[in-house]
Amino acid sequence: MIRDVTLGRYYRQDSFVHTLDPRTKLCGVAFLIAGIFISSSVISCIFTMLCIAALVWLSRVPLRYMVKGLLPIFVFLAVVAVLNIILVPNGVFRAILISLRVVEVIFASNLLCLSTRPREISNGVETGFSWMRHLKVPVHDLATIVSIAFTFIPILAEEARRILDAQTSRGLDMRKGGLVKKTKASVSVIIPMFVSAIERAENLAVAMESRLYGCGEPTRLHPLKYSYDDAAAYVCIFTYLLVVILMKVGRL
Amino acid sequence: MALIEARGVSYSYNGKQALSGIDLSIGSGQFVVVLGPNGSGKSTLARLLNAIILPTQGEVSVDGHLTSDKASVFDIRKTAGLVLQNPDNQIIGDTVEDDIAFALENMGLHPSWIDSIITDVLEQTGLTAQRFSNPRELSGGQKELLCIAGILAMKGRCIILDEALSMLDRENRNLIVDLLHRLNRENGLTVVMTSQDTEDALDADLVVVLDDGKVVASGKPEDVRIVPESFASSVASMLRERNVAVSEEVVSEDGLLKALSKKGAV
């Protein structure tokens, strides 16, 4: 399952979505997620799903790559669906609705990661929220944290896989036994994982300090610039949200 | 005046003495190799020279700036850049050029300057073809070159490598050592390299041997004779691992030099 983590992985492609300004993509994902939570009917959920499908097609990211990102949360989705069916009146409808919403949120956030480099996301966050500097919010530091987090998700996933392989070769079997046994077994993966992550974080901090992090007001090699494509994308984003709100008001 | 000076430097971690009474003077343009076994204090010394940590006793100065002077910290780090052991833990960018740009962006340089400096250092390190590649997809040697390029981009006067070559195979290791010697010779770049590999010391201007946090020998490779028993035996075991025949007698009687020359001869 660790092998299926797609969050934080960039999929190199020359597409309309890839070339958009990261601020446009961040705004688009925020509006999509807002739209998903506003949607209370299956029709508006399907409308959102069609919009996301169009974006996936425009991004030219293979669908199997997007679906792969769903595998790690498949168990979570199944549990939520079963609980809804058992405990909630009209449960089947609720289960479908909630599952669709979760899948849509994951698709939207995955699409952002797969089509945007972590540094671009960080630039987008930093530039988009630069007004918060006046409120003494450390926007640059927060953007760097976001960038590092996205960069290190696949690296830590890879590290976890290596540790798991090492422990498996020493007799660990995570597939056998009950919940308690599996939880106990996972400790032998989690503890080395923590130790390794802390060591990495410490070394990264030293490397960043020695490369003058915090020296002064930083510049960017590629300053962000809006294009006409971004204007068109903003029109689509606002139209999407308007349609979802109208569906909600019209009880569609 | 020496570029880097350590005077009576000691450092302790949680009460454990990592370095004690270190005196060191590194001139501009020198190629210095700090040798020592695991736990001898090499990494601590490298971090002290980059003002990442401060000595508990004594003082370190880089280009006339004391590391204890907070106002000079960035000048020191710009003058003497530090490359760590594992490149995977120090690569920050999503592309090679982004990673090199990290320090330059922090310095607040104009994008066009950043771009031209990147072009220069990529050429110096032979990574021009990888400019837009994902650093995670590079080979181990290329990753190490990228880390070196990130430091060279700051246009400092010294580069400190903390066992930066220890994870590389012999071919990549030689490639990087050759690059460092070329930069040292042609650009006058001061190189301070910590290592466990005695072979690295053969072409150095100055060899400093650390053992148990103390300088036990320093000088030109041919002058370094006084080696403690513990380090001499570790040198011997390293040589034996590489199938170089060295008798206990040779190592314990004449120390590192004989071990080195024996190895060189083979």
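Residues numbered from 1 in each chain as written. Chains lettered and ligands numbered in written order. Predicted model: local features only at pLDDT ≥ 70, side-chain atom pairs only at ≥ 80, totals over all residues. Heavy atoms only, no water.

Participant: Would you mind going over the overall build of chain B with me for this structure?
Facilitator: A tally of helices and strands in chain B yields nine helices and ten strands. Looking at chain B as a whole, 56% of its 266 residues qualify as buried. Excluding contacts between residues fewer than 6 apart, the proportion of contacts in chain B whose partners are at least 24 apart in sequence is 65%. (Helix = DSSP H or I, 4+ residues; strand = E, 2+ residues; numbered from the N terminus. Buried < 20%, exposed > 50% of the residue type's maximum accessible area, 1.4 Å probe, protein only. Contact = heavy atoms within 4.5 Å.)

Participant: Help me understand the interface of chain B and chain A in this model?
Facilitator: Interfaces are frequently sized by the accessible area removed from exposure as the parts join. With 41 residues of chain B in contact, the opposing surface of chain A contributes 30 residues. For the pair chain B and chain A, the number of links is four salt bridges. For Arg119(A), the salt bridge goes to Glu105(B), with nearest N and O atoms at 2.5 Å. Across the chain B-chain A interface, the total number found is 14 residue pairs in polar contact (both at pLDDT 80 or more). The set of elements that each furnish at least two residues to the side of chain B that touches chain A consists of helix H2 (73-79), helix H3 (96-106), helix H4 (111-125) and helix H5 (140-152) of chain B. Its residues assigned to classes, the side of chain B that touches chain A shows 19 nonpolar, ten polar and twelve charged. (Salt bridge = Lys/Arg side-chain N within 4 Å of Asp/Glu carboxyl O. Polar contact = N/O pair within 3.5 Å; in protein donor to acceptor, adjacent residues only side chain to side chain. Nonpolar A, V, L, I, M, F, W, Y, C, P; charged D, E, K, R; others polar.)

Participant: Help me understand the packing of aromatic side chains in this model?
Facilitator: The relation between two aromatic rings is expressed through the spacing of the ring centres and the mutual angle of the planes. Residue and element names in this part refer to chain A. Counting across every chain of the model gives seven aromatic pairs over all chains. A centroid spacing of 5.9 Å and a plane angle of 70° characterise the contact between tyrosine 226 and tyrosine 234, whose relative ring orientation is edge-to-face. A relative accessible area of 43% places tyrosine 226 in the partly exposed class. Put simply, the rings of Phe31, Tyr226, Tyr234 and Phe238 pair up and form one aromatic cluster. Taking NZ or CZ as reference, arginine 23 lies 4.1 Å from the ring centre of tyrosine 226, over its face. (Phe/Tyr/Trp six-rings, centres within 6.5 Å; stacked < 30°, edge-to-face > 60°. Lys NZ or Arg CZ within 6 Å of the ring centre and 35° of its normal.)

Participant: Explain the packing of helix H2 (residues 22-38) of chain A against helix H10 (residues 228-249) of chain A to me, please; I cannot follow it from the model alone.
Facilitator: Pairs of packed helices are described in terms of their axes, by the angle between the two and the distance that separates them. All names here are of chain A. Close contact between H2 and H10 brings their axes to 10 Å; oriented N to C, the two are set at 10°. In terms of axis orientation, H2 runs roughly parallel to H10. For the pair H2 and H10, contact is made by Arg23, Thr24, Cys27, Gly28, Phe31, Leu32, Ala34, Gly35, Ile36 and Ile38 and by Asp230, Ala233, Tyr234, Ile237, Phe238, Tyr240, Leu241, Val244, Ile245 and Lys248, respectively. Each residue belonging to the contact of H2 with H10 can be placed in one class, and the counts come to 14 nonpolar, three polar and three charged. (Axes fitted to C-alpha atoms, helices over the stretch in contact; angles between N-to-C directions. Parallel < 35°, antiparallel > 145°, perpendicular 65-115°, else oblique.)

Participant: Teacher, can you tell me more about the packing of H3(B) against H4(B) here?
Facilitator: Residues and elements named next belong to chain B. At a minimum axis distance of 10 Å, the contact between H3 and H4 shows a crossing angle of 120°. With respect to H4, the axis of H3 lies oblique. The crossing of H3 and H4 is right-handed. The residues of H4 that touch H3, namely those facing Val96, Glu97, Ile100, Ala101, Leu104 and Glu105, are Ile114, Ile117, Ile118, Val121 and Leu122. For the contact of H3 with H4, a count of residues per class yields nine nonpolar, no polar and two charged. (Left-handed = near helix turned anticlockwise from the far one by under 90°.)

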